[in-house]
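Structural overview for review
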Amino acid sequence: MGQGFSLGKLGQWGRSPLLGIVLAVTFFPAPPTPAQTISQRGMVTAAQPAAARVGIEILKKGGNAVDAAVATAFMISVVEPYAAGIGGGGFALVYHAPSQTIHALDFRERAPLQATPTMYLNEKGEVVPRASLDGVLAAGTPGTVAGLATLHQHYGQLPWSQVVAPAIQAAQQGFAVTSRYRQWATMRQSVLQQDATAARIFLRYGQVPPLGTLIRQPELAKTLGAIARDPKSFYEGWIAGAIADFMAKQGGKIRQEDLRTYTPLWRSPICGTYRVFQVCSMPPPSSGGVALVQMLNLWQLLPPTSTPYDRGHYLAAVMQIAYADRARYLGDSDFVPVPVTTLTSRRYAQQRVTEILPRRARAQEAVAPATPIQLAESDNTSHLNVVDAQGNAVSLTFTINGPFGAGVVVPQTGILLNNEMDDFAIAPNQPNLFGVVGIQANNSSLANGIAPGKRPLSSMSPTIVLRDNRLHMVLGSAGGSRIITTVLQLFLNVVDLGQDAATAVSHPRIHHQWAPDTLFVEPTIPRPWLKTWQQWGYRVEQTRPWGNASLIRVLDQGQLEGAADPRGEGVAVGW
Ligand code: GLY
């Protein structure tokens with residue numbers, strides 16, 4: 001997307017929304033519909049072609065969907081370093097075909113044990129600008145390596161070292177800079193310049209490297225080599241020592257104890273029913289599953305729509321309700337009570353749906369209390385899907401949060417650290433990178449406030465759809481707080497509008513997250529739709545396209561049909 005468009009022209013993230021809109025409309029043509037991939041024996045979608053190809057090779061060598069997903073994720077960590085990696089964390093849903101069951105693994109980053117609720121505030125109680133976004137203090141304890149090792153330990157068939165090997169080779173040999181790499185490196189150039197190791201690896205003489213430049217990561221290859229021998233080395237061995245030393249020297253909070261005590265957690269997926277489909281996604285600390293099921297429950301109680309205007313209005317209305325509840329109630333359920341059962345119940349949807357009126361927008365205050373905020377955007381994070389010949393599937397989303405994470409690399413290791421601490425509500429009503437807020441009611445504490453060892457609230461929504469307990473669709477996306485609404489629309493495009501995978505993934509998107517009180521629309525949304533929504537009372541803002549989604553669906557004859565988002569550089573590869 002947007003060949004040659006430099007986000008650097010916008011200055012800092014979201015500083016100039018108006019200029020952003022003008023540039024977005026000028027520079028982002030309608031995303032072309034990607035090629036549809038059809039296959040019989042297995043399929044992998046990933047945000048970079050080299051990673052998807054590695055996944056398919058693993059399937060061909062006798063690996064199952066989990067082997068392929070783990071190999072693809074390690075490869076993404078090398079060739080899409082700005083989006084996800086071993087310095088971050090994520091979530092995975094696994095469909096185990098023999099038992100027809102879905103399992104959810106949480107390998108989200110954790111707040112360091114020394115973290116405090118006020119760690120991003122100054123003595124006056126004011127938020128210190130960018131403290132949760134740039135540098136070592138922004139990083140949570142990484143979970144990716146433990147997560148991928150746990151997935152493999154439970155379900156993998158091929159030797160662990162074999163699934164890590166392609167990433168080691170890629171880190172040694174290097175990958176060529178793409179336009180997407182340049183886009184995000186331009187946005188983060190000033191932060192990367194401040195860290196000597198990050199600048200050496202990801203920039204050239206302090207500048208964003210030209211297209212095609214080879215990015216070699218020999219230190220990362222060495223780290224991955226150690227992980228291939230023993231994944232515990234990340235948490236207890238020399239790698240853990242290097243991370244803790246760097247943190248102590250630079251004023252960060254992650255210590256050996258944070259790493260030694262990190263554990264991925266198996267959780268029960270959140271599932272809802274939509275027509276004949278069972279839709280399952282990630283539970284807290286992701287908000288994805290709760291919000292997705294909530295929106296689907298509301299959506300099916302609304303009257304069928306015959307125009308795109310009505311469809312857009314009702315979509316926006318259900319999004320508003322889900323995101324208002326997200327701001328108030330969602331957080332790490334190991335630390336705060338999250339009313340999951342209520343929020344995802346049909347009964348709750350029946351109560352709330354009565355608030356939605358035809359052809360009339362509701363102001364933010366009418367849905368729940370809040371304060372005005374500003375929004376910044378980022379599409380980082382990486383999603384991949386795998387289906388194998390036995391019908392097992394993995395939907396995996398992982399991230400280092402913003403582009404190039406915290407912009408710091410742990411010396412000698414090549415590990416680019418996340419800035420996931422920004423996903424906490426660092427203060428009431430304080431918008432994070434994605435503009436989402438946490439709100440308090442009646443002196444209650446912030447559901448998504450910081451606490452030692454707590455996991456920050458996420459929007460990552462790896463999703464698996466079943467029909468009669470059999471695999472029907474595997475999907476997910478990048479895109480920060482817009483992930484959930486992207487997954488919602490992708491699913492509805494297929495099951496309501498009857499679109500094939502390629503059409504569904506390229507279809508124009510809208511997004512409403514309650515705060516700010518704005519209906520965001522992609523540049524490809526036709527002007528008459530936009531005008532109509534404005535007439536119905538929405539504040540509409542056209543921004544650059546968002547999300548980096550992909551899906552695989554199982555056709556009636558058992559073939560697999562897949563596609564990756566034309567907004568990104570990903571592909572669907574079949575076998
Ligand atoms: N870091 C974005 C998310 O987890 O939602």
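The sections below set out a description of the structure shown in this document.

Conventions we followed
Residues numbered from 1 in each chain as written. Predicted model: local features only at pLDDT ≥ 70, side-chain atom pairs only at ≥ 80, totals over all residues. Heavy atoms only, no water. Helix = DSSP H or I, 4+ residues; strand = E, 2+ residues; numbered from the N terminus. Expected span 1.5 Å × (residues − 1). Bend = angle between axes of the 7 residues up to and from the residue. Buried < 20%, exposed > 50% of the residue type's maximum accessible area, 1.4 Å probe, protein only. Contact = heavy atoms within 4.5 Å. Near = heavy atom within 4 Å. Polar contact = N/O pair within 3.5 Å; in protein donor to acceptor, adjacent residues only side chain to side chain. Areas by Shrake-Rupley, 256 points an atom, 1.4 Å probe, with all protein chains shown as cover. 1 Å grid on protein atoms, 1.4 Å probe; cavity = no way out; pocket = protein on both sides within 12 Å on 5 of 7 lines; lining within 4 Å. Sits in = over half its atoms within 2 Å of the grid points. Nonpolar A, V, L, I, M, F, W, Y, C, P; charged D, E, K, R; others polar. Pairing = 2+ DSSP bridges. Axes fitted to C-alpha atoms, helices over the stretch in contact; angles between N-to-C directions. Phe/Tyr/Trp six-rings, centres within 6.5 Å; stacked < 30°, edge-to-face > 60°. Lys NZ or Arg CZ within 6 Å of the ring centre and 35° of its normal. Disulfide = S-S within 2.5 Å. Parallel < 35°, antiparallel > 145°, perpendicular 65-115°, else oblique. Left-handed = near helix turned anticlockwise from the far one by under 90°. Salt bridge = Lys/Arg side-chain N within 4 Å of Asp/Glu carboxyl O.

**Concerning helix 5 (residues 160-173)**
- Taking 1.5 Å as the rise per residue, helix 5 with 14 residues should run 20 Å; its terminal C-alpha atoms sit 21 Å apart, in good agreement.
- By the largest-angle criterion, Pro166 marks the main kink of helix 5, which is about 25°.
- Of all the residues in helix 5, the buried ones are Trp160, Val163, Val164, Ala167, Ile168, Ala170 and Ala171.
- On its buried face, helix 5 sits against helix 2 (49-60), helix 3 (65-79), helix 4 (144-155) and helix 9 (218-229).
- Two residues or fewer past helix 5, Gly174 is found with a positive phi of approximately 95°.

**Considering the site of the ligand**
- Every residue lining the ligand is accounted for by Arg108, Asn401, Glu420, Asp423, Phe434, Ser458, Ser459 and Met460.
- The separation between a nitrogen atom of the ligand and a polar side-chain atom of Asn401 is 2.7 Å.
- Between the ligand and the protein, one listed contact pairs a nitrogen atom with a side-chain N or O atom of Glu420 at 2.7 Å.
- Considering the ligand on its own, with 200 Å² of exposed area, one finds that the protein chains cover 99% of that surface.
- For the ligand, the cavity whose grid points lie within 2 Å of the majority of its atoms is the largest cavity.
- For the shell around the ligand, the per-class residue count stands at two nonpolar, three polar and three charged.

**What about the sheet that holds strand 7 (residues 265-267)?**
- Spatially, 7-4-3-11-10-2-21 is the arrangement adopted by the seven strands of the open sheet, whose pairing is antiparallel. Whereas interior strands pair on both sides, the edge strands pair on one side only; in this sheet they are strand 7 and strand 21 (571-574). If you compare each strand with its neighbour and ignore which way they point, the axes differ by 15° on average.
- Here strand 10 (residues 382-387) runs beside strand 11 (residues 393-399); their pairing, made up of six bridges, is antiparallel. Residue Leu384 lies in a different strand from strand 11, and its bridge partner there is Leu396.
- Across the sheet, helix 2 is in contact with strand 2 (43-46), strand 10 and strand 21; its angle to strand 2 comes to roughly 160°.

**A closer look at the pairing of strand 4 (residues 101-107)**
- Most of strand 4 sits out of view: five of its seven residues are buried.
- Strand direction decides the pairing type here: strand 4 and strand 7, joined by three bridges, are antiparallel. If you follow Ala104 over to strand 7, its bridge partner there is Arg267.

**Observations regarding the side chain of Ser458**
- Note on placement: Ser458 falls in the loop between strand 13 (415-416) and strand 14 (463-467).
- Leaving out residues up to four positions away in the same chain, Ser458 has contacts with Phe91, Arg108, Pro285, Ser286, Ser287, Gly288 and Arg326.

**Observations regarding the packing of aromatic side chains**
- Overall, the coordinates contain twelve aromatic pairs when judged by the stated rule.
- Considering the side-chain rings of Phe74 and Trp160, the 5.6 Å spacing of their centres and the 75° angle between planes classify their relative orientation as edge-to-face. With Phe74 in helix 3 and Trp160 in helix 5, this residue pair connects regions lying 86 residues apart in the sequence. Take Phe74 and Trp160: they sit in the same class, and that class is buried.
- Ring geometry for Phe234 against Tyr235: centres 4.8 Å apart, planes inclined by 55°, an arrangement best described as tilted. Across this residue pair, the class does not change: Phe234 and Tyr235 are buried.
- Through a chain of ring-to-ring contacts, the aromatic side chains of Tyr82, Phe175, Tyr181, Phe202 and Phe404 assemble into a single cluster.
- The ring of Trp575 has Arg41 sitting right over it, with the charged end atom 4.2 Å from the ring centre.

**Some details on the state of the cysteines**
- Under the definition given, this model contains one disulfide.
- Linked covalently through their sulfurs, Cys271 and Cys280 form a disulfide whose S-S length is 2.1 Å. Judged by the torsion about the S-S bond (110°), the Cys271/Cys280 disulfide is right-handed.
- Judged by relative accessible area, which is 35%, Cys271 ranks as partly exposed.

**With respect to the sheet that holds strand 9 (residues 277-281)**
- Here seven strands make up an open sheet; going across it, the order is 1-20-19-15-14-9-8 and the pairing antiparallel. Where the open sheet ends on each side, the last strands, each with one partner, are strand 1 (37-39) and strand 8 (270-274). Looking at each pair of strands side by side, their axes are set apart by 20° on average, direction ignored.
- Pairing geometry for strand 8 and strand 9, over five bridges, is antiparallel. From the neighbouring strand, Thr273 faces strand 9, where its bridge partner is Gln278.

**Brief notes about the packing of helix 13 (residues 288-299) against helix 16 (residues 346-353)**
- In the contact formed by helix 13 and helix 16, the axes pass within 9 Å of each other and the chain directions differ by 60°. By the angle class used here, helix 13 and helix 16 are oblique. The chirality of how helix 13 crosses helix 16 is right-handed. Contact residues: Gln294, Asn297 and Leu298 in helix 13; Arg346, Tyr348, Ala349, Arg352 and Val353 in helix 16.

**Quick look at the pattern of salt bridges**
- Applying the stated rule across the entire model yields 21 salt bridges.
- Here Asp106 and Arg455 are joined by a salt bridge, their closest N and O atoms 3.1 Å apart. In this pair, Asp106 sits in strand 4 while Arg455 sits in the loop between strand 13 and strand 14, placing the two residues 349 residues apart along the sequence.
- By relative accessible area, Asp106 is classed as buried at 0%.

Limitation: the analysis is restricted to geometry and does not speak to function.
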